[in-house]
Each structure stands twice: as structure tokens, then as C-alpha cells.
Protein chains: 2
Amino acid sequence: MNKLYTNDETSADQVYQQLRRLLIEGYYPPGSRLVEERLAQDLGVSRTPVRQALVRAAAEGLVQIFPNRGAVARSFTVDDLIEIYDLRALLEGHAAYLAAQRITAEQIIRMESAATALEQSLAMTFERRQDEVHFLVEQNAIFHQTIAEAAGNQRLITMLNQIVAVPLQFRSFYWYQPEQRQISNFFHRTILNALRLGDGERARAMMREHIFYGRDVLLQSRNAEDASASAFREE
Amino acid sequence: MNKLYTNDETSADQVYQQLRRLLIEGYYPPGSRLVEERLAQDLGVSRTPVRQALVRAAAEGLVQIFPNRGAVARSFTVDDLIEIYDLRALLEGHAAYLAAQRITAEQIIRMESAATALEQSLAMTFERRQDEVHFLVEQNAIFHQTIAEAAGNQRLITMLNQIVAVPLQFRSFYWYQPEQRQISNFFHRTILNALRLGDGERARAMMREHIFYGRDVLLQSRNAEDASASAFREE
DNA sequence: CTCTGCTATATTGTATACAATCTCTGAATA
DNA sequence: TATTCAGAGATTGTATACAATATAGCAGAG
């Protein structure tokens, strides 16, 4: 019974988890410098575990490390987003294809529950907008992660985690638009149907469309509000 | 003019490069413990950069780190290899598909040169067997990396590097069999043709076959010599 | 002879000290 | 005014010391 896959015992691992969360949630905005001493103080440890966390985050593409000049929260150009979504479509499409052959009843139920939660949330009201986004992102993650899990390829899961995490910070506003959410919900149901019928080809096709649709919504929102375009400047 | 993509100035980076090479070439066989102090002495540095290199190697899946128990050169089960080759087929197939639209004349020439080198080497004699394998692996890498480059997706390249590096240690004996090499060479020419004609579908299909063929040769060799099956034991 | 628990040893994890490098400021010069 | 250079300060990179943890061997009980 070893703890290989729950690497959260050492403080270096905890720092990594924290850092990852802070980056994804935009607390350290893209392009901002990540000074080791400051992070160490923020998280109450010395620079040693911070450095390890940074190296690991760099390996995953969350930060960039410039030798002798430090780490920077990675920023993304529009081209980066297009690259990322191209790969997401490829990998998640493949995952959906594989999942159609192997998914279990329990996994289907989990996905249905997430899909339902996303649908019902359209009629719900939350204390704070942030709570709502948090909830939606979480349920959405359950839906997608369950497919990756059902695909039965551990490395595929790892890769998807890397790819999906990166632009998460931008996806917030995706969730603010009811019409787009309805369409996404529709995709979820279609994908679920395909999986239930064991139709891998269809599951893949719908998953790809679902992801490309998300990409397009994101890029459109971007064009709309050019004010915050600075977040896209590379370095 | 920054050195972002040639991270080889700090000794931590050099240690990482060394470690990676030693792992891939089987100097540290799968399953062997990687004691920090020993690595540090082998490479003439302190434990600090060694640890960073290990963290990075773990993020890439080359080693496994067990909290408070140290790092181990990752070993692979047959199922691991199947997972890996499944993803390679997906990613390299996609790369070939994209490359068909964008590949440049210079890149074609580079690939032709590598393909020719691989063909001619069948009639050549090398000082040592190891030199030959080294040469073949290198030319083969040029062929495949050029396709990834031509696909024009930086993240795709990164992912492929991660996936391809892993089983390299096993692929050695692949190169010892002339018949299989001839077939691989034929695939290379077929892929080149498809790329030259801009036929992405065909390039993808042939690339996938090429990779699955490599996988099957690998698995067959494995079955043949069950003596060294220990290398496949997990943990 | 086997099992349990304890201690010694080996090794990892973290903090800190110091060296190496970069950056920024401002003065001197043209 | 623009430019170059020096040096102070900030920050990274590495080594080392120490703390925390795991491992192995051994003694003693059953």
C-alpha cells in the first residue's frame, strides 16, 4: 500500500499543489515573476521545496524558468490556445473513443450526475459568482476526467491533466454565458448517449466538436474584450 | 536573445541531461535505486542539483519518487508499453497529418537524408555494435522529430519527447534485426511520399502502422527472450 | 524457529549560508 | 542628450548542515 499516486506528504509536494492552484486560479497572473523568497514566505517554507515545486511546474508547462533570472507564470498567446485545444481535441477525442468500449455502469452514473448538476445549475442562484464558477468547473472536470479514466490509459490521463490545467485560468468567463452553457450541456448528453451505446466513433466526433466549441467561445470572448489583451503577451 | 529553450547552463540542467541519457541508455537499469549521494558523486556535484533533476525526471515519467524512500528508475510492464505505443500512434499520426500541409522542402530533404542513412547502414559495418545502434537511433530520431517539427505545434513536440524517450532503452534490440529494419525503411519511404504529395490521411495511416509495427516487433522480442523478463516487473 | 520490537545506520527532506549572476541606478564621458 | 561603465542590491544556483524518516540487523520472547 504505497503512496505513489498521492504525493502530498512532503512539503515540496504541498508547495507544488498550492502553486498549481494559485496559478490556475489566476492568483499569480500570467507573466508575473515568481520570486522564490516571496513564494517561500507566502507558503511558510524555505526556498528549497519552492525550487523543487517550480522545477516540476516548469516541466508541466505552468511556468517558465529562465536560467539565473527566475521563474515566470507562463502566459499564453492565441496561438498557444489553438495549439492546446488542438491537442485536447485529439486526446479527449481518443479517450472518448476508447471509453465507449470499456466504460462501466458506475462511471456512466457519475457522468450523468455531473451532467445533471451542470444543467440544474442554470436555474440556481449562488451566494457569490465565484462559488458558481467553482462548482461548474468542478462538475465539468468530473465529467471529463471520468471519460479519461474509463479510457484506461494512465498516461493519457496524465497528459490530459497537463493540457487541461494550463488554460484553465482563462476559462472562467466561459461559464458566465447561459446560452453557451446550454450548448455544452447538450454535447454532454450526446456524448453520454454515444458512450452508452458503445459507439466510439460518435463519442469521439462529439467530444471533438464539444472541445472546439469551447475553444471558439473562448477566442470570441477574447476578441470582444481586447482590454485585457495584455494577459496574452508572451513575456 | 534568451536561452529559454537551451536550458543547459546550470548544473542542475546538465545533471538532468546526463541522468536522462543514462536512464535511456540503460546505464541505470529499470527498477534500480537512484541514491542522491551516489548520483551526486558520479556527476561531481552536490545533492541539490541532483534532486532537482530527479524531480524533473519524475515529472516526465522517467523515474518514480517514493516519499522518504527515494527515486527509482522507472520500469515498464507490457501494459505500459501498449499504453505508450497507443499514444505514440495517436500523437505521431496526428503530427504526420499536420505535417503534410506544412512541411518545407528543407525538412523533406532532412528526412530523406535520414531515411537514406538508415537504408545504407544495412550494408555498412561498424566498429562496435553499440556504435551502430547509436547511429540508427539518431537517424531515426531525426526522421521522426522532423515530422513533429513540421507539424508546427510546440506542445506536441514536448509530449512526443516525453512519450518516445521512455521505451528507448528497450528499443535497442529492435535495431539488431535486418528484416524488421527493411520494413521500417519501407514505411519511412511511404510516409515521405505521402508528405511530399500533401496527403495527410495517408501520412497518418502509414505512421500509425509504422509505430504499431515497431511495437509488435518489440513485444515479440520480449516474448522470445523471457530470460530478462525481470526488467518488466513493476517495482 | 518465528515473530516482535528496538536500535543503529542509511537516506531523504528542509533550512541556511554562501557564491554566482543579473539588474538597476547613477555618475562620468562624449 | 545619449551612452557607457561601475557598483550596489536583488535574486538565483549550489553546497552543506541538520532534522525527519525509513530500513536493516539483532536481541529476546514466545
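Since we're looking at a predicted model, the values are computed, not measured.

## Considering the overall build of chain A
Step number 1: Across its full length, chain A carries nine helices and three strands.
Step number 2: Going residue by residue from the N terminus, the α and β elements of chain A occur as α-β-α-α-β-β-α-α-α-α-α-α.
Step number 3: Per-residue burial over chain A gives 32% buried out of 235 residues.
Step number 4: By sequence separation, contacts in chain A at least 24 residues apart represent 74% of the contacts at least 6 residues apart.

## Details of the nonpolar core
Side chains of nonpolar character tend, in soluble globular proteins, to be buried together.
Step number 1: One finds Ala 95, Ala 99 and Ala 203 of chain A together with Ala 95, Ala 99 and Ala 203 of chain B to be the most contacted residues of the largest nonpolar core, which totals 71 residues.
Step number 2: Apart from residues no more than four positions distant in its own chain, Ala 99 of chain B is found in contact with Ile 147, Ala 150, Ala 151, Leu 195 and Ala 203 of chain B.

## Observations concerning the protein's contact with DNA strand D
Step number 1: The environment of DNA strand D is formed by 18 residues, the closest being Gly 70 of chain A together with Ser 11, Ser 46, Thr 48 and Asn 68 of chain B.
Step number 2: Elements represented by at least two residues in the surface near DNA strand D include exactly α2 (36-43) of chain A together with α1 (11-24) and α3 (47-59) of chain B.
Step number 3: Looking at the surface near DNA strand D, the element that brings in the most residues is α3 of chain B, giving three residues.
Step number 4: Across the surface near DNA strand D, the residue classes break down as five nonpolar, eight polar and five charged.

## Digging into the interface of chain A and chain B
Step number 1: Each partner contributes to the interface: chain A provides 26 residues, whereas chain B provides 26 residues.
Step number 2: When residues of the side of chain A that touches chain B are traced back to their parent elements, those giving at least two are α3 (47-59), β2 (63-66), α4 (78-102) and α7 (154-165) of chain A.
Step number 3: Looking at which element gives the most residues to the side of chain A that touches chain B, the answer is α4 of chain A, with six residues.
Step number 4: Considering only residue class, the side of chain A that touches chain B consists of ten nonpolar, eight polar and eight charged.

## Here we look at the sheet that holds strand β3 (residues 70-73) of chain A
Residue and element names in this part refer to chain A.
Step number 1: What the three strands build is an open sheet, ordered β1-β3-β2; its pairing is antiparallel. The open sheet has two edge strands, β1 (33-34) and β2, and neither has a second partner.
Step number 2: Note that β2 and β3 share four bridges and pair antiparallel. Residue pairing in the sheet places Val 63 in a bridge with Ala 73 of β3.

Criteria and thresholds
Residues numbered from 1 in each chain as written. Chains lettered and ligands numbered in written order. Predicted model: local features only at pLDDT ≥ 70, side-chain atom pairs only at ≥ 80, totals over all residues. Helix = DSSP H or I, 4+ residues; strand = E, 2+ residues; numbered from the N terminus. Buried ≥ 20, exposed ≤ 12 C-beta atoms within 10 Å, placed from the backbone. Contact = placed C-beta atoms within 7 Å. Core = buried A, V, L, I, M, F, W, Y, C linked by C-beta atoms within 7 Å. Near = placed C-beta within 6 Å. Nonpolar A, V, L, I, M, F, W, Y, C, P; charged D, E, K, R; others polar. Pairing = 2+ DSSP bridges.

The values reported here are purely geometric and, on their own, carry no functional implication.
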